[in-house]
Amino acid sequence: MTLEIIVLVKQVPDSQEVVIDPVTMNLNRSLTRNVTNRADENALEAALRIKDKTGAHVTVVSMGPPQAETTMIECLARGADRAILASDRFFGGADTYPTGLTLAATVSKIGKFDIIFAGEETSDSSTGHVGPGVAEFLDIDQITYASSVEYKDGYVIAERELEDGTEVVKVPTPILVTVLLNSNAPRRQTLRRKIDAIKKGFEVWDHDKIGLQPEHVGVRGSPTIVRRMRPIKERERAAKKIDLSAVGDLVKELYEKNIVKLEDE
Amino acid sequence: MAGIKPATPVAKPEEYRNVFVFLETREDKLVRPALEMIGVGKRIAEKVNEKLYCILLGGNIKDQAKEAVSYGCDVVLGAESPVLSTYRTLPYSHIISDFVKTEKPNIFLIPATRNGRDLASRIAVSCEAGVTADCTELDVEQDTRILLANRPTYGESMLAEILCRKHRPQMATARPGIFPVPEKIKSPKGEIRIKEVNVDKSLLRKEVLEFRKKNVVDLTAAKVVVSGGMGLGKPDGFKLIQELADELGGVVGATRPTADMGWISRDHQVGQTGQTVRPRLYVAVGISGKIQHIMGMKNSETILSINTDPNAEIFKYSDYVMVEDLYKAVPAIIQEVRKYKAEHKVAPVEQSK
């Protein structure tokens, strides 16, 4: 029985070059370059390594606008077997609830799966909520923040990185795993695969194909809404310039103002 | 809970009352972010004249429950079972979702620790609630009892205010290290309701094989943090950082690139993917001030930065700046600190012979 692996990916603005429109206060998407969310590249790599060992079938799934096609092709060119883009004007403006719902419904429509991989979080929204949300919709167990993942005889064994140490867990499939950013080195796309990918193409599924109602997805299906955005006003700090000759006075000031205390031993 | 179901707004939001917080524990102790949740939860509950309920799960939680009450919890809802002694997704999310569906809180806050984030969205989906992740400001509208969940966005340049108007509970996860740990209250009088639970085997198929504890350098508790960045030029630079930290009674911090280079262990990392600190004094040595680092230390009470680049971003966030070679500045500071301490320490009491 071929192992079925699904990888959830998202195309995001390149986080190094975010441009905010000064009038609307929104992301100026036309000026921003779009890339595959880096942690999702790590998720795909984790899936492909299992494919290398077991001959698994890997399907990449994303919810996004038409320009996400570059991410779909890139994933196929790295070694995914199939790519499905859930794209529909009704999906726009979704918070993590309908995003998870749409992805879960898409996975459900694909059929049987053993492992779903996702990145730990995206670089644009950074919630980390979609992976666990999908697992809840599908009623399966999950492993989050995995730095390493192995599959053996119907079980996934993974190491999770927590604040105070590493937890090693073993869970039977079906299971969802979210993968830590930079936990592996994503392989390159090959030219051969890229040509094949462009020729073969990827699938685009709308709400109808997936079997979703417009009012349950996108902005209409979102329990949360952004009411307003304000620039973060950092506390004004004096930036008082101290040169080498004034270090004695600085130290005196730090102690006298109780910024440092003699009892701080 | 199963089901690809849409989130249904609640018919009567007025029936949803009180603020709930999930208290995460590690090794049978409440973690610092759990205490931060008690602080912010209590503030919000008091603003609308409601109560703070704390949800606690574990193998033996009586002491943690008492501790929660001592910090201001009005009601502790606890579930005890040996199978709950370590956090696992399914049993925790099932039991907590049950509490939420039964008790109908207006607001439910969870610390945005790794396990907190593992949990939050599962409960939100199970309860058909909205959840805002990683909040740095939380408040409530007195008349509407609507939670104002604020979180940074667009690389920390903007603060988004997010509301959940029609669904309940209104959920949020809070970024650890931002909200203060509350003081213990003078006459604690909270109620503790712990029930023993039987957990279905189907929820317990995850095995925790091993936990490799790391030597945690808890930077979040430190009053003084001295951090080194790539400006150190070499791993040995951290010796100087350690020396200054020792003189000031502080701990050593680091930027992500220095940890990536292996100059220091990741335990010392301050920033978006490291720890968030708010010490009395933060000394940034040879750090340029990339936003990912700033995020982890910008709420420090006082910031002193040392960098040879007069245009270093970090200077914008500093109270004191030194545009100097750190290999001159830091030893000078160390020398002056030693001098000050020698001049101001109380003389040791003479031993009688």
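Below is a summary of the structure that appears in this document.

Cut-offs and rules
Within each chain, residue numbers correspond to sequence positions counted from 1 in written order. Chains and ligands are labelled sequentially in the order written, the chains with letters from A and the ligands with numbers from 1. With the structure being a predicted model, the display of local features is reserved for residues of pLDDT at least 70 and the display and counting of side-chain atom pairs for 80 or more, all residues being used for whole-chain, interface and lining totals. Computation of side-chain values: all heavy atoms of the structure, hydrogens and water removed. To qualify as a helix, a DSSP run of H or I must reach at least 4 residues; to qualify as a strand, a run of E must reach at least 2; elements of each kind are numbered from the N terminus. A contact between two residues is defined here by any heavy atoms of the two lying within 4.5 Å. Working definition of accessibility: Shrake-Rupley area with a 1.4 Å probe, residue cover restricted to the visible protein chains. This count recognises Lys and Arg as positive and Asp and Glu as negative, with His and chain-terminal groups excluded. Charge positions come from single atoms, namely NZ of Lys, CZ of Arg, CG of Asp or CD of Glu. Two rings from Phe, Tyr or Trp (for Trp, the six-membered ring) form a pair when their centres sit within 6.5 Å of each other. Planes less than 30 degrees apart are called stacked, planes more than 60 degrees apart edge-to-face, and all others tilted. To sort residues, take the accessible area from a 1.4 Å probe on protein chains only and compare it with the maximum for the residue type: under 20% means buried, over 50% means exposed, and anything in between is partly exposed. Charge-over-ring placement is defined geometrically: NZ (Lys) or CZ (Arg) within 6 Å of the ring centre, and within 35 degrees of the ring normal. Using a grid of 1 Å spacing that covers the protein atoms alone, one calls a set of points a cavity when a 1.4 Å probe fits there but cannot get out, and a pocket when the set is open and has protein on both sides within 12 Å along at least five of seven lines; lining residues are those with an atom within 4 Å of a point. Grid points are joined across faces, edges and corners, and a volume is the space filled by probe spheres set on the points. Residue polarity is assigned by list, with Asp, Glu, Lys and Arg as charged and Ala, Val, Leu, Ile, Met, Phe, Trp, Tyr, Cys and Pro as nonpolar; anything else, Gly included, falls into the polar class. Pairs of cysteine sulfur atoms within 2.5 Å are identified as disulfides in what follows. Strand pairing requires that DSSP identify at least two bridges connecting the strands. Every axis in this analysis is a line fitted to C-alpha atoms, fitted for helices over the stretch in contact. Angles between the N-to-C directions lie between 0 and 180 degrees. For salt bridges, the criterion is a side-chain nitrogen of Lys or Arg within 4 Å of an Asp or Glu carboxyl oxygen. Throughout, the accessible surface (probe 1.4 Å) given up by two parts as they are put together, summed over both, is called the buried area. Here a polar contact is taken to be a pair of N or O atoms separated by no more than 3.5 Å, where protein atoms must pair a possible hydrogen donor with a possible acceptor and residues adjacent in sequence count only if both atoms sit in side chains.

With that settled, the discussion passes to the overall build of chain A. When helices and strands are tallied, chain A shows 7 helices and 13 strands. Once the C-alpha set of chain A is aligned to its principal axes, its extents read approximately 75 × 45 × 40 Å. Once local pairs closer than 6 in sequence are excluded, the contacts in chain A between residues at least 24 apart make up 72%. When the accessible surface of chain A is totalled, it reaches about 12100 Å², and 49% of it is carbon and sulfur. Charged side chains of chain A number 35 positive and 41 negative; the gap between the two group centres comes to 5 Å.

Another aspect to go through is the packing of aromatic side chains. Tallying each qualifying case throughout the model produces 5 aromatic pairs over all chains. Ring geometry for Tyr255 of chain A versus Tyr340 of chain B: centroids 4.5 Å apart, planes at 10 degrees, classification stacked. Taken together, the residues Tyr255 of chain A in helix α7 (residues 247-256) and Tyr340 of chain B in helix α8 (residues 326-344) connect one chain to another. Among the residues examined, Tyr255 of chain A registers a relative accessible area of 7% and is labelled buried. Residue class for Tyr340 of chain B comes out buried when judged on its relative accessible area of 11%. Summarising the aromatic geometry, the rings of Phe20 of chain B and Tyr53 of chain B are spaced 4.7 Å apart at their centres and angled 5 degrees between planes, so their arrangement reads as stacked. On the criterion of sequence distance, the pair formed by Phe20 of chain B in strand β1 (residues 19-22) and Tyr53 of chain B in strand β4 (residues 52-58) is long-range, its members being 33 residues apart. For Phe20 of chain B, a relative accessible area of 1% translates into the label buried. Just above the ring of Tyr327 of chain B sits the side chain of Lys234 of chain B; from NZ or CZ to the centre is 5.1 Å.

Turning our eyes to something else, we now look at the layout of surface pockets. In this structure, the second largest pocket occupies an estimated 450 Å³ of space. Lining of the second largest pocket is provided by 22 residues; of these, Ile232 and Glu234 of chain A together with Glu137, Lys298 and Asn299 of chain B occupy positions nearest its centre. For the lining of the second largest pocket, the residue count by class is 9 nonpolar, 3 polar and 10 charged.

Looking now at the state of the cysteines. Residues and elements named next belong to chain B. All chains considered together, the criterion is met by 1 disulfide over all chains. There is a disulfide in this structure between Cys54 and Cys73, and the S-S distance comes to 1.7 Å. Taking the sign of the S-S torsion, -55 degrees for the link of Cys54 and Cys73, the bridge is left-handed. One end of the pair, Cys54, is in strand β4; the other, Cys73, is in the loop between α2 (62-70) and β5 (75-80), and 19 residues separate them in sequence. One exposure class covers both Cys54 and Cys73, and it is buried.

What follows is about the sheet that holds strand β8 (residues 155-162) of chain A. What the 10 strands build is an open sheet, ordered β11(A)-β5(A)-β4(A)-β1(A)-β6(A)-β10(A)-β7(A)-β8(A)-β9(A)-β13(B); its pairing is mixed. With one partner strand each, in any of the chains shown, β11 (203-205) of chain A together with β13 (207-213) of chain B form the two edges of the open sheet. The sheet shows a mean angle of 30 degrees between the axes of neighbouring strands, taken without regard to direction. Where strand β7 (residues 141-152) of chain A lies against β8 of chain A, 6 bridges are found, and the strand directions are antiparallel. Its bridge partner lying in β8 of chain A, Lys152 of chain A is registered against Tyr155 of chain A. In the packing of helix α4 (residues 130-138) of chain A onto the sheet, contacts are made with β1 (4-9), β6 (115-119), β7 and β10 (175-179) of chain A, and the angle to β10 of chain A comes to roughly 180 degrees.

Our focus in this paragraph is unusual backbone geometry. The peptide bond linking Thr173 of chain A to Pro174 of chain A adopts the cis configuration, its omega dihedral lying at 5 degrees. Summarising the element assignment, Pro174 of chain A is placed in the loop between β9 (165-172) and β10. A positive phi angle, close to 60 degrees, is found at Asn258 of chain A, a residue other than glycine. The residue Asn49 of chain B is not glycine, and still its phi comes out positive at about 60 degrees. Within the secondary structure, Asn49 of chain B sits in the loop between α1 (32-47) and β4.

The next point concerns the pattern of salt bridges. If you walk through the whole model with that rule in mind, you get 48 salt bridges over all chains. Measuring nitrogen to oxygen at the nearest pair gives 3.0 Å for the salt bridge that ties Arg26 of chain B to Asp164 of chain A. Of the two residues, Arg26 of chain B sits in strand β2 (residues 25-26) while Asp164 of chain A sits in the loop between β8 and β9, which places them in two different chains. Taking the relative accessible area as the measure of exposure, Arg26 of chain B reaches 17% and is therefore buried. The exposure class assigned to Asp164 of chain A is buried, which follows from its relative accessible area of 11%. Among the ionic contacts, a cluster of salt bridges with common partners joins Arg227, Arg228 and Arg230 of chain A together with Glu137, Glu141 and Glu161 of chain B.

What follows covers the side chain of Asp141 of chain A. By the element assignment, Asp141 of chain A lies in strand β7. On the basis of relative accessibility, which here comes to 8%, the residue Asp141 of chain A falls in the buried class.

Attention now moves to the interface of chain A and chain B. Contact residues are listed per partner, giving 87 residues for chain A and 96 residues for chain B. Here chain A packs against chain B, burying approximately 8100 Å² in sum over the two surfaces, 54% of which is carbon and sulfur. Sorting the residues of chain A by area buried against chain B places Glu136, Asp164 and Arg237 of chain A first, and these three jointly supply 10% of that buried surface. Viewed at the interface, chain B and chain A are joined by 12 salt bridges. Between Arg117 of chain B and Glu121 of chain A there is a salt bridge whose closest N-O contact spans 3.1 Å. Seen at the junction of chain A and chain B, the total is 46 residue pairs in polar contact (both at pLDDT 80 or more). For the side of chain A that touches chain B, the elements supplying multiple residues, two or more each, are α3 (96-110), α4, β7, β8, β9, β12 (225-231), β13 (240-241) and α7 of chain A. Here the element with the most residues in the side of chain A that touches chain B is α7 of chain A; it accounts for 9 residues. Grouping the amino acids of the side of chain A that touches chain B by side-chain chemistry returns 40 nonpolar, 19 polar and 28 charged.

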